[in-house]
Amino acid sequence: MRVDVLTLFPEAFRGPLDVSIVKRAREDGLLDLHVHDIREHATDRHRTVDDYPFGGGQGMVMRVDVLDRALEFVRAQAPERGLVVYLTPAGERLNDRIVRELAAEPRLILVCGRYEGVDERFVEHCVDREISIGDYVLTGGELPAMVLIDAVTRHIPGALGDAASPEEESFADGLLEHPQYTRPAVYRGWAVPDVLLSGHHARIEAWRRAQRLARTRERRPDLLGEPNDGAQPGGRRERLGAPDEVDE
Ligand code: 9D3
């Protein structure tokens, strides 16, 4: 898959996409990532990319002409048309279904906004999809674009290696994960649940299932089809039960 990013801050993309699975996918040629500086497509001597909003209001708006030239320049670098995704707080909220849809594309062109956003004519005529990563305000679309690239990369065949498959993961079946433990079995008196050391596989599976359901009911009732009425406890996590007093 080819991914092109249009941004005013190309340097933001060094680092997060140069580690772990995404790094490997790029080295293996599974992900062909190109980051482009929108400012290179400004034409005046001050290299202006934004201007005041018509009708008044706060902040600045990214210019349709600069964005359109940047898009056409980038688009011409490869034969695939590319699905144009604009990262915006006003977009559809990203989820597992959308990630899978985007991962099936041969090419994505991600547009990162800064300031108050981009001229709506660019959205109307050039953008295929508007995506938000959640209901909180960030300073720009760069981190959301990196989130999207990371999530999509995991779905490129071969990117996770032979063992792992994104098909059978949490969210695929709509429940949160059960807790995981490894050695030592007791640390500072903190003991691993007995059932996991029992070797009784049916009981272990039943315990894990119950944990997944309890966690989902407590933390994400919306995943169980309950309306999200905002009445979840929230805040600092509860620590249930007495401290385990077990010798190491
Ligand atoms: C005045 C209204 N603001 C929207 C809530 C303006 C505004 C604030 C911050 C416009 C853009 C931004 C920068 N954020 C993004 O570009 C962004 C974003 C986000 O802030 N949260 C979640 N997902 C995304 S995707 C792009």
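Right above here is the structure, for reference.
To keep things clear, this report deals only with the structure shown in the data block. (Residues numbered from 1 in each chain as written. Predicted model: local features only at pLDDT ≥ 70, side-chain atom pairs only at ≥ 80, totals over all residues. Heavy atoms only, no water.)

### Quick notes on the pairing of strand 5 (residues 83–93)
Turning to step 1, where the next piece is worked out: In this sheet, strand 6 (residues 107–112) lies alongside strand 5 in parallel orientation, the contact comprising five bridges. Within strand 6, the residue paired with Leu83 across the bridge is Leu108.
Turning to step 2, where the next piece is worked out: Regarding the hand of the β-α-β motif, the stretch spanning strand 5, helix 3 (residues 96–103) and strand 6 is right-handed. (Pairing = 2+ DSSP bridges. Helix = DSSP H or I, 4+ residues; strand = E, 2+ residues; numbered from the N terminus. Right-handed = clockwise from strand over helix to strand, strands pointing away.)

### Description of the site of the ligand
Turning to step 1, where the next piece is worked out: Neighbouring residues of the ligand: 16 residues in total, closest Glu116, Ile133, Gly134, Tyr136 and Leu138.
Turning to step 2, where the next piece is worked out: Within the side chain of Ser132, one N or O atom sits 3.4 Å away from a nitrogen atom of the ligand.
Turning to step 3, where the next piece is worked out: A distance of 2.8 Å separates a nitrogen atom of the ligand from a polar atom in the backbone of Tyr136.
Turning to step 4, where the next piece is worked out: With the chains in place, 74% of the 570 Å² that the ligand exposes on its own is no longer accessible.
Turning to step 5, where the next piece is worked out: Listing elements by their share of the shell around the ligand, those giving two or more residues are strand 5 and strand 7 (129–132).
Turning to step 6, where the next piece is worked out: A per-element tally of the shell around the ligand places strand 5 first, with three residues.
Turning to step 7, where the next piece is worked out: For the shell around the ligand, a count of residues per class yields nine nonpolar, six polar and one charged. (Near = heavy atom within 4 Å. Polar contact = N/O pair within 3.5 Å; in protein donor to acceptor, adjacent residues only side chain to side chain. Areas by Shrake-Rupley, 256 points an atom, 1.4 Å probe, with all protein chains shown as cover. Nonpolar A, V, L, I, M, F, W, Y, C, P; charged D, E, K, R; others polar.)

### Brief notes about a nonpolar patch on the surface
Turning to step 1, where the next piece is worked out: On the surface, Tyr136, Leu138 and Leu143 cluster together into a nonpolar patch covering about 300 Å² of accessible area.
Turning to step 2, where the next piece is worked out: Within the secondary structure, Leu138 is located in the loop between strand 7 and helix 5 (142–153). (Patch = residues over 30% accessible without salt bridge, like charges linked within 9 Å, V, L, I, M, F, W, Y side chains within 5 Å. Salt bridge = Lys/Arg side-chain N within 4 Å of Asp/Glu carboxyl O.)

### Things to note about the pattern of salt bridges
Turning to step 1, where the next piece is worked out: Summed over the entire model, instances satisfying the criterion amount to 16 salt bridges.
Turning to step 2, where the next piece is worked out: Between Arg97 and Glu101 there is a salt bridge, with the nearest N and O atoms lying 3.1 Å from each other. Taken together, the positions of Arg97 and Glu101, both in helix 3 and four residues apart, correspond to about one turn of that helix.
Turning to step 3, where the next piece is worked out: A salt bridge links Arg208 to Glu205, with the shortest nitrogen-to-oxygen separation between them at 3.8 Å.

### Structural notes on the pairing of strand 6
Turning to step 1, where the next piece is worked out: In terms of burial, strand 6 is a largely internal element, six of the six residues being buried.
Turning to step 2, where the next piece is worked out: Here strand 6 shows a buried face lined by Arg107, Ile109 and Val111 and a second buried face lined by Leu108, Leu110 and Cys112.
Turning to step 3, where the next piece is worked out: Sheet topology note: the strand 1 (residues 2–7)/strand 6 ladder contains five bridges and is parallel. Its bridge partner lying in strand 6, Arg2 is registered against Arg107. (Buried < 20%, exposed > 50% of the residue type's maximum accessible area, 1.4 Å probe, protein only.)

### Focus on the packing of aromatic side chains
Turning to step 1, where the next piece is worked out: All chains considered together, the criterion is met by one aromatic pair.
Turning to step 2, where the next piece is worked out: Plain terms: the ring middles of Tyr187 and Trp190 are 5.4 Å apart, the flat faces sit at 75 degrees to each other, and that makes the pair edge-to-face. (Phe/Tyr/Trp six-rings, centres within 6.5 Å; stacked < 30°, edge-to-face > 60°.)

### A few points about the side chain of His36
Turning to step 1, where the next piece is worked out: By the secondary structure assignment, His36 is in strand 2 (residues 32–37).
Turning to step 2, where the next piece is worked out: Under the relative-accessibility criterion, His36 is labelled buried at 13%.
Turning to step 3, where the next piece is worked out: Side-chain polar atoms of His36 contact the side chain of Asp4, separated by 2.8 Å.
Turning to step 4, where the next piece is worked out: With residues near it in sequence (within four places) discarded, His36 still touches Asp4, Val5, Leu6, Thr7, Val74 and Gln77. (Contact = heavy atoms within 4.5 Å.)

### Some points on the sheet that holds strand 1
Turning to step 1, where the next piece is worked out: Pairing is parallel across the open sheet formed by five strands, whose spatial order is 2-1-6-5-7. Both outer strands of the open sheet, strand 2 and strand 7, are each paired with one neighbouring strand and no more. Strand-to-strand, the axes of this sheet are offset by a mean angle of 30 degrees, without reference to chain direction.
Turning to step 2, where the next piece is worked out: Here strand 1 runs beside strand 2; their pairing, made up of six bridges, is parallel. Paired with Val3 across the strands is Leu33, a residue of strand 2. (Axes fitted to C-alpha atoms, helices over the stretch in contact; angles between N-to-C directions.)

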